[in-house]
Amino acid sequence: MPTIPALADALPVVEDEIRRLATSSTLPIVNTFSGRITAAGGKRLRSVLILAGSLALSGRIDPKAVTSAACVELLHAGSLVHDDLMDNAVERRGVRTVNAEWGAGPAVLVGDFMLARASQAALEQISPYAAGRLAEAVADLVEGQVLEVLDLFDPHRTPENALRSIALKTGALFRVGCVLAAHVADADEEATVRMSEYGAHFGLLFQILDDLLDLASTTERLGKPAGNDVRQGVYTFPLLRAVTDGQRDLLAARGRELTDSEVSDLLRELRTSSLVPDTLAYCTSLAAQTVHALPDLPESDALGVLRELPGAYLDWAASRIA
């Protein structure tokens, strides 16, 4: 992934802030689980977008940009705790999930704590506007998840419905991160709108590629079982565009009872279809739209990062395909 020294220096500071917020409960047991989840790491793409956006717009990365990145990452981590609970997942990024380790009820509370702490930090350390936009993103995220739940195990789910769900669920966090980058950089309204569009497009790109990898990569490369979305009845955008009538009939008849062998056969069929090239072509166009959304800014290394990142992430994802 492209990077520059200013970002490389700021990212560890973001990690420190994430750790501080995640372990700021007065209850040690909450800190244990919240801290464990955030310490497991991740790509931190949202942080890179926020820091690079702030730097491209203002020429600096100030403490409010760092706090913005930490708040969005903490909000994302809290949403993952809730996702793991809904999916009955037992492990994420090599770490036991809160629901597996402590139970369903406590997992809800730990996730809630992380969401609340992110909003509180935004209110106290950035601005009421930032806190309001984060709260709006949480509402969008919830609505996107609800739309996904309503379509579970529905082989007649449309690709458009899948896109709408991820635009709310995943797109919201990328979008709000880019809006906060513009906010802390004191950008004008036009630049803020363009950054919001950039983040929304990037969120779609990120999730579609993630969904493709679930179908077209391997368990070893993913670090989790391939085809997990199919098993859970989440029929994603790439799948819905590639599935045949026969495969749709299989999902309708066997969706909740699919065996591992049936899932493996389905994945094998999909990988020999137009699934991969069609989805990569769609994402190539989406990456171009993402870059096109950027505001008109003076040339800088940070702007270069924002330009290069969609294509770099697309290339990385393509390299993970089996």
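On a predicted model such as this, the values are computed, not experimentally measured, just so you know. (Residues numbered from 1 in each chain as written. Predicted model: local features only at pLDDT ≥ 70, side-chain atom pairs only at ≥ 80, totals over all residues. Heavy atoms only, no water.)

A. Focus on unusual backbone geometry. A positive phi angle, close to 60°, is found at Arg44, a residue other than glycine. Checked against the element boundaries, Arg44 lands in the loop between α2 (28–39) and α3 (45–58). Given the relative accessible area of 12%, Arg44 is considered buried. Despite not being glycine, Phe153 shows a phi value in the positive range, around 60°. By the element assignment, Phe153 lies in the loop between α7 (128–150) and α8 (159–169). (Helix = DSSP H or I, 4+ residues; strand = E, 2+ residues; numbered from the N terminus. Buried < 20%, exposed > 50% of the residue type's maximum accessible area, 1.4 Å probe, protein only.)

B. A look at the packing of aromatic side chains. The full count for this structure, using the stated rule, is seven aromatic pairs. Aromatic pair Phe237 and Tyr282: ring centres 4.9 Å apart, planes at 55°, arrangement tilted. Of this pair, Phe237 sits in helix α13 (residues 237–242) while Tyr282 is found in helix α16 (residues 275–292), placing the two residues 45 residues apart along the sequence. For Tyr282, a relative accessible area of 27% puts it in the partly exposed group. (Phe/Tyr/Trp six-rings, centres within 6.5 Å; stacked < 30°, edge-to-face > 60°.)

Function-wise, these values are silent; they only describe arrangement.
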